[in-house]
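Each chain, letter by letter, is given below.
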Amino acid sequence: MFRDRSLVPAEAVRLLALGALIERDRRYGELATEIRFFTQRIVGPSLDLLGSSLELLRIEGLADTVEHHAEEEKTLLRITPQGRALFQELMSAQLRAPVNDVGRLVLLLKLRFLKLLPPDFQEDQLDLLCDVVRTERARAADLAKEYGDSAISEWIQFDVALSDRRLEWLESALEDLGVTV
């Protein structure tokens, strides 16, 4: 993790792998394909996100082999209690604002795996996401105001409107948890 407790790219990939294994046991090749698919759709091809080998999950005790196969990619993996604990730790990481490519990946991973957390942790994560979106909205609104009626101001107003929509969604998700917003 970075000093501010936000995830480095390799930890974002690890969060994705662990969360996918919590959803269900997966074959090594299937897990690798899912990681590659998800990260490339969010960030595009990135050397930073190739990450370390999934074999490290087994070496570090984060995943166990349920069913070994001669072809490594067909070996079935299951998350361990240590893997679940690390997943929870990675899910509770900070999110940097402004949200860059890796930050967007982490944000989407938090939303993807939110349902796997206990309700109080879900609330914490939704609060964190609200704070990040509010910060980005304030920055965009200040920038738009600085440039008045220019093309850049109009374009940045799209970001402000998108932030408003995101906040509405996040506040609705908090209300669904029974939190008064």
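Residues numbered from 1 in each chain as written. Predicted model: local features only at pLDDT ≥ 70, side-chain atom pairs only at ≥ 80, totals over all residues. Heavy atoms only, no water.

## Let's talk about the overall build of the protein
Scanning the protein for helices and strands turns up seven helices and three strands. In the protein, the order of α-helices and β-strands from amino to carboxyl end is α-β-α-α-β-β-α-α-α-α. Taken along its principal axes, the extent of the C-alpha atoms in the protein is 65 × 40 × 25 Å. The 181 residues of the protein split such that 41% are buried. (Helix = DSSP H or I, 4+ residues; strand = E, 2+ residues; numbered from the N terminus. Buried < 20%, exposed > 50% of the residue type's maximum accessible area, 1.4 Å probe, protein only.)

## Structural notes on the sheet that holds strand β3 (residues 76–79)
Backbone-to-backbone hydrogen bonds pair the strands of a sheet. The strands run either parallel or antiparallel. Strand order in the open sheet formed by three strands is β1-β3-β2, and the pairing between neighbours is antiparallel. The open sheet is flanked by β1 (26–27) and β2 (63–67), the only strands paired with a single partner. In this sheet, β3 lies alongside β1 in antiparallel orientation, the contact comprising two bridges. If you follow R26 over to β3, its bridge partner there is L77. (Pairing = 2+ DSSP bridges.)

## A closer look at the pairing of β3
Relative to β3, β2 runs antiparallel, the two being bridged by four bridges. Across the sheet, the residue bridging to A63 is I79, located in β3.

## Examining the nonpolar core
In this structure, L18, L31, L57, F87 and L109 are the most contacted members of the largest nonpolar core, which totals 47 residues. Breaking this core down by element, the ones donating at least two residues are α1 (9–23), α2 (28–42), β3, α4 (81–91), α5 (101–113), α6 (119–146) and α7 (151–176). Not counting chain neighbours up to four residues away, the residues in contact with L31 comprise A17, A20, L21, R26, L54, L57 and L77. (Core = buried A, V, L, I, M, F, W, Y, C linked by side-chain atoms within 4.5 Å. Contact = heavy atoms within 4.5 Å.)

## What to know about the confidence of the model for the protein
When pLDDT is averaged along the protein, the result is 88; 92% of the residues meet or exceed 70. The least confident element of the protein is helix α3 (residues 55–59), whose mean pLDDT is 88; the most confident is α4, at 96. (pLDDT = per-residue confidence, 0-100.)

## Some remarks on the packing of α1 against α2
Viewed as axis vectors pointing N to C, α1 and α2 meet at an angle of 125 degrees, and their least axial separation amounts to 10 Å. Viewed along their axes, α1 and α2 adopt a mutual orientation that is oblique. Like other packed secondary-structure pairs, α1 and α2 cross with a definite hand, here right-handed. From α1, V13, L16, A17, A20 and L21 reach across to α2, where they touch L31, E34, I35, F38 and T39. Taken together, the residues of the contact of α1 with α2 sort by class into eight nonpolar, one polar and one charged. (Axes fitted to C-alpha atoms, helices over the stretch in contact; angles between N-to-C directions. Parallel < 35°, antiparallel > 145°, perpendicular 65-115°, else oblique. Left-handed = near helix turned anticlockwise from the far one by under 90°. Nonpolar A, V, L, I, M, F, W, Y, C, P; charged D, E, K, R; others polar.)

## With respect to a nonpolar patch on the surface
A contiguous nonpolar surface patch, about 270 Å² in accessible area, is contributed by L143, Y147 and I152. Assignment of secondary structure puts L143 in helix α6. (Patch = residues over 30% accessible without salt bridge, like charges linked within 9 Å, V, L, I, M, F, W, Y side chains within 5 Å. Areas by Shrake-Rupley, 256 points an atom, 1.4 Å probe, with all protein chains shown as cover. Salt bridge = Lys/Arg side-chain N within 4 Å of Asp/Glu carboxyl O.)

## Looking at the packing of aromatic side chains
Applying the stated rule across the entire model yields two aromatic pairs. Arranged with centres 5.8 Å apart and planes meeting at 75 degrees, the rings of F87 and F113 form a pair that is edge-to-face. Of this pair, F87 sits in helix α4 while F113 sits in helix α5, placing them 26 residues apart in sequence. The class of F87 is buried, set by a relative accessible area of 2%. With a centroid separation of 5.4 Å and an interplanar angle of 90 degrees, the aromatic rings of W155 and F158 are classed as edge-to-face. Of the two residues, W155 and F158 both sit in helix α7, three residues apart, roughly one turn of that helix. According to the relative accessible area criterion, W155 is exposed, its value standing at 58%. (Phe/Tyr/Trp six-rings, centres within 6.5 Å; stacked < 30°, edge-to-face > 60°.)

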